Amino acid sequence: MQFRAPRGTHDVLPADAPARERIASVARVTAAAAGYRAFEPPTFEQADLFVRGVGDGTDIVEKEMYIFEDRGGERLALRPEGTASVCRAYVEHGLANAPQPVKLFYVLPIFRYERPQAGRYRQHTQFGLEAIGVRDPALDAEVISVGWRIMQELGLRDLTLLFNSIGDGEDRRAYVPRLRAHFEPQLDSLCGDCRGRFHRAPLRLLDCKQECCRSFQEGAPLIGDHLRPESREFADAVRAHLSALGIPVREAPTLVRGLDYYTHTVFEIVPARAGSQVTLLAGGRYDGLIEAIGGKPTPGIGFGMGIERMANDLRAQKLAPEEEAGPAALVVALGEAAGPRATSLAAELRAAGVSATMAFGGRSLKAQLRHAHRTGARVALILGERELAAGVVQVRDLSGSEQREVALAEVVGELSGLVS
RNA sequence: GUGGGCGUCGCCUAGAGGCCUAAGGCGCCAGGUUGUGGCCCUGGUAUUCGCGGGUUCGAAUCCCGCCGUCCACCCCA
């Protein structure tokens, strides 16, 4: 029997790594430039943190969490999202006493027991950032602008920012009855999913793709038209800031989120291309979350960005970085006697800042040179018994075929300009 | 969780019931001079066609189940 990576998980091979690293590093640098600082929670948390934070009626909690009991009988869960952990840390470490807002970013593996398909995995990596402690439309705009900027820096084009405001609990208490009143007469004609949504997640009635439900969506009341004046003003202020930033906004009156904690601002960044699992970045405001997990009422806003989806897009648009070249110098040892000196020569080169290694395996000169060529080395340093006796080394330039003899004592100095 | 497509060497692909004890390209390994790469040539590299059953005189090729992957839905990054 052959072992395999578990369903929906993937190994990151050297060929895949540069694109991921590029995305993560651009994201970190961009976030840091706006004052966000690195944060890293444990990979698992008390399961109830997510039940209370994300919401016990959500799919994520209800059927997608990796839950387990540890040997001490504690009920834990692999994190299915990042925001709840950040908020838990904010409360736990008294970060309310730090200058507000507290602005953090993270790059974390996320775990959800879902049916895998392209762009959806059981373990994926999210870059995310959160700004906690202040309720200010300018902050919403800053968070969105950092996300937008990361996309620009990476060279992704033809993106759309979808924007909506879903109000807060009070707005929804007034709105949901109107929404239900619209759908109630047709309840029997709706799809099975929607009959469930009618009770559990009425906002989702608006983005069902089934033919049968679509027809009833026309003329349904929209949350955006039923916000209290203060909620409406907040959303308009966010729009004004985004406009000042020059970020094009596409209004998405039916955009809602699958996590219970979202309030007011919700947004997604999606590419123009068709397909299903395409959202690259999604987030929103979560003014009720910290209270829901036991802290004082505290506003917050943030987003999550899927590194694998981004990497797929970069590859599709031919923007993915090339695989890294191998070491610049390859030390070729011939014969037993030269071995130890070759080993130390490679180490000396590295210490001097020249990437270097050897062709291992005691192979023929020919095989070692071929290896040097195939791994992209710029020079081969040939050290055989003859060279050892004479205190020299053959320096062969692999881009052409020049070869010269250099004193062993001087090679490192001569090559130290060749950093790679 | 629902429906559908696909699954041959590390990678890409040929093969469509007996000619397959599975072919080609790339890659990898070795060799073609006694210490010299890139091109070229030679040889090696799957007892086996995702796994397990079944049909048949005979299966990589047909059927069933499972697993994986991809697509749509659900949901989401």
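Owing to the predicted nature of the structure, the values given are computational and were not obtained by experimental measurement. (Residues numbered from 1 in each chain as written. Chains lettered and ligands numbered in written order. Predicted model: local features only at pLDDT ≥ 70, side-chain atom pairs only at ≥ 80, totals over all residues. Heavy atoms only, no water.)

Okay, the protein's contact with RNA strand B next. Within the structure, RNA strand B sits among 52 residues, and Ala 118, Arg 197, Gly 258, Leu 398 and Gly 400 are positioned closest to it. Within 4 Å of the protein, the contacting atoms of RNA strand B are drawn from sugar and phosphate to the extent of 54%. Between Gln 126 and RNA strand B, the recorded distance is 3.1 Å, taken from a side-chain N or O atom to a sugar or linking oxygen. A distance of 2.3 Å is found between a base oxygen of RNA strand B and a backbone nitrogen or oxygen belonging to Gly 400. At the level of secondary structure, the elements contributing two or more residues to the surface near RNA strand B comprise β6 (123–132), α7 (192–200), β10 (281–285), β11 (300–306), α13 (365–374) and α14 (385–390). Among the elements that take part in the surface near RNA strand B, α13 stands out by supplying 7 residues, more than any other. Residue composition of the surface near RNA strand B, by class: 12 nonpolar, 19 polar and 21 charged. (Near = heavy atom within 4 Å. Polar contact = N/O pair within 3.5 Å; in protein donor to acceptor, adjacent residues only side chain to side chain. Helix = DSSP H or I, 4+ residues; strand = E, 2+ residues; numbered from the N terminus. Nonpolar A, V, L, I, M, F, W, Y, C, P; charged D, E, K, R; others polar.)

Okay, the pairing of strand β14 (residues 379–383) next. For a regular strand, side-chain orientation follows a simple rule: the groups alternate between the two sheet faces. Extensive coverage of β14 is indicated by the burial of 5 of its 5 residues. Of the two faces of β14, the one carrying Val 379, Leu 381 and Leu 383 and the one carrying Ala 380 and Ile 382 are both buried. Sheet topology note: the strand β12 (residues 329–333)/β14 ladder contains 5 bridges and is parallel. Bridge assignment links Val 331 to a residue of β14, and that residue is Leu 381. Across 4 bridges, the pairing between β14 and strand β15 (residues 392–397) is antiparallel. From the neighbouring strand, Val 379 faces β15, where its bridge partner is Asp 397. (Buried < 20%, exposed > 50% of the residue type's maximum accessible area, 1.4 Å probe, protein only. Pairing = 2+ DSSP bridges.)

For any two helices packed against each other, one specifies the crossing angle of their axes together with the interaxial distance. Where helix α1 (residues 17–33) contacts helix α5 (residues 137–154), the two axes come as close as 9 Å, and the packing angle between them is 135°. Accordingly, the angle class assigned to the pair α1 and α5 is oblique. Along this stretch, α1 crosses α5, giving a crossing that reads as right-handed. Contact with α1, carried on its side by Arg 22, Ile 23, Val 26, Ala 27, Thr 30 and Ala 31, involves Val 146, Arg 149, Ile 150, Glu 153 and Leu 154 of α5 and no other residues of that element. In terms of residue class, the contact of α1 with α5 is built from 7 nonpolar, 1 polar and 3 charged. (Axes fitted to C-alpha atoms, helices over the stretch in contact; angles between N-to-C directions. Parallel < 35°, antiparallel > 145°, perpendicular 65-115°, else oblique. Left-handed = near helix turned anticlockwise from the far one by under 90°. Contact = heavy atoms within 4.5 Å.)

With that settled, consider the sheet that holds strand β7 (residues 159–165). Taken together, 8 strands build an open sheet; the order of strands is β1-β5-β6-β11-β10-β9-β7-β8 and the sheet is mixed. Only two strands of the sheet have a single neighbouring strand rather than two, namely β1 (37–38) and β8 (249–251). Bridge analysis of β6 against β11 gives 7 bridges, and the strand direction is antiparallel. Within β11, the position partnered with Gln 126 by the bridge is Gly 306.

Further remarks concern the pattern of salt bridges. In total, this model carries 20 salt bridges according to the counting rule given. Ionic pairing is found between Glu 251 and Arg 239, a salt bridge with its closest N-O pair at 2.6 Å. You can see Glu 251 sitting in strand β8 and its partner Arg 239 sitting in helix α9 (residues 229–245), a full 12 residues away along the chain. Among the residues examined, Arg 239 registers a relative accessible area of 24% and is labelled partly exposed. For Asp 287, the salt bridge identified is with Arg 285, shortest N-O distance 2.9 Å. On the basis of relative accessibility, which here comes to 17%, the residue Asp 287 falls in the buried class. Several salt bridges share partner residues, and in doing so they unite Asp 168, Glu 170, Asp 171, Arg 228 and Glu 230 into one network. (Salt bridge = Lys/Arg side-chain N within 4 Å of Asp/Glu carboxyl O.)

This part is about the sheet that holds β14. Sheet architecture is open: 5 strands sit in the order β13-β12-β14-β15-β16, paired in mixed fashion. The strands lining the two open edges of the sheet, one partner per strand, are β13 (356–358) and β16 (403–407). The average undirected angle you get between the axes of adjacent strands in this sheet is 25°. Those strands touched by α13 are β12, β14 and β15, and its axis lies near 170° from that of β12.

This part covers helix α15 (residues 408–415). Among all positions in α15, only Leu 408, Val 411, Val 412 and Leu 415 are buried. When α15 is viewed along its axis, its buried side chains cluster within an angular range of 90° and face the same direction. Summarising the geometry of α15, the exposed residues directed more than 90 degrees from the buried face are Ala 409 and Gly 413. The inward-facing, buried residues of α15 contact α12 (339–351), β14, β15 and β16. (Arc of directions from axis to C-beta.)

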